Amino acid sequence: MAIKKSVALKFRRFSKKFGRSRSMTLLAMLDFFERHGISPDQEMGETVASLKYLIKRRFNAIVAIMRNIEKEQTLPTFEMM
């Protein structure tokens, strides 16, 4: 199996950008895909963005719950004392 010249040139530029040898760059890429259990064809931009949005929503929900607890439980107890 042969590698196209354009692909090889692109990979060489990519390797130089990170200052690694081509074999170390390829090894790091393979480790990354195996560690995270993803396919090189999988689009990650949408997944990362959607997870970030989900975490932000859950954090805001936790803050709302804590504020509600402070209003309804902590302050009335403090006023009774």
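Structure report, in brief. Predicted model, so just to flag it, every value in this text is computed and none were measured.

## Details of the overall build of the chain
In step 1: For the chain, the helix and strand inventory stands at three helices and zero strands.
In step 2: Along the chain, helices (α) and strands (β) appear in the sequence α-α-α when read from the amino end.
In step 3: Sorting the 81 residues of the chain into buried and exposed places 4% on the buried side.
In step 4: When the accessible surface of the chain is split by element, carbon and sulfur atoms take 62% of a total near 8,000 Å².

## A word on the layout of surface pockets
In step 1: Of the volumes computed, that of the largest pocket is approximately 160 Å³.
In step 2: Lining of the largest pocket is provided by Ile3, Val7, Ala8, Phe11, Arg22, Leu26 and Met29.
In step 3: Of all the secondary structure elements, the ones that give two or more residues to the lining of the largest pocket are helix 1 (5-17) and helix 2 (22-36).
In step 4: Residues of the lining of the largest pocket, tallied by class, amount to six nonpolar, no polar and one charged.

## Points about helix 2
In step 1: Relative to the 21 Å expected for 15 residues at 1.5 Å per residue, helix 2 spans 21 Å between its end C-alpha atoms, a close match to the ideal helical length.
In step 2: Just downstream of helix 2, glycine 37 is the residue with a positive phi angle, here 60°.

## Some words on the side chain of threonine 25
In step 1: Here threonine 25 lies in helix 2.
In step 2: Within the structure, threonine 25 has its side chain in polar contact with the side chain of serine 15 (distance 3.4 Å).

## Regarding the packing of aromatic side chains
In step 1: Per the counting criterion, the structure on display carries two aromatic pairs.
In step 2: Measuring from ring centre to ring centre gives 4.9 Å for phenylalanine 14 and phenylalanine 18, while their planes differ by 65°; the resulting arrangement is edge-to-face.
In step 3: A relative accessible area of 35% means that phenylalanine 14 is categorised as partly exposed.
In step 4: For the pair phenylalanine 32 and phenylalanine 33, a centre-to-centre distance of 5.8 Å together with 70° between the ring planes defines the contact as edge-to-face.
In step 5: Using a relative accessible area of 23% as the deciding quantity, one classes phenylalanine 33 as partly exposed.

What counts, and where the lines are drawn
Residues numbered from 1 in each chain as written. Predicted model: local features only at pLDDT ≥ 70, side-chain atom pairs only at ≥ 80, totals over all residues. Heavy atoms only, no water. Helix = DSSP H or I, 4+ residues; strand = E, 2+ residues; numbered from the N terminus. Buried < 20%, exposed > 50% of the residue type's maximum accessible area, 1.4 Å probe, protein only. Areas by Shrake-Rupley, 256 points an atom, 1.4 Å probe, with all protein chains shown as cover. 1 Å grid on protein atoms, 1.4 Å probe; cavity = no way out; pocket = protein on both sides within 12 Å on 5 of 7 lines; lining within 4 Å. Points joined across faces, edges and corners; volume = space filled by probe spheres on them. Nonpolar A, V, L, I, M, F, W, Y, C, P; charged D, E, K, R; others polar. Expected span 1.5 Å × (residues − 1). Polar contact = N/O pair within 3.5 Å; in protein donor to acceptor, adjacent residues only side chain to side chain. Phe/Tyr/Trp six-rings, centres within 6.5 Å; stacked < 30°, edge-to-face > 60°.

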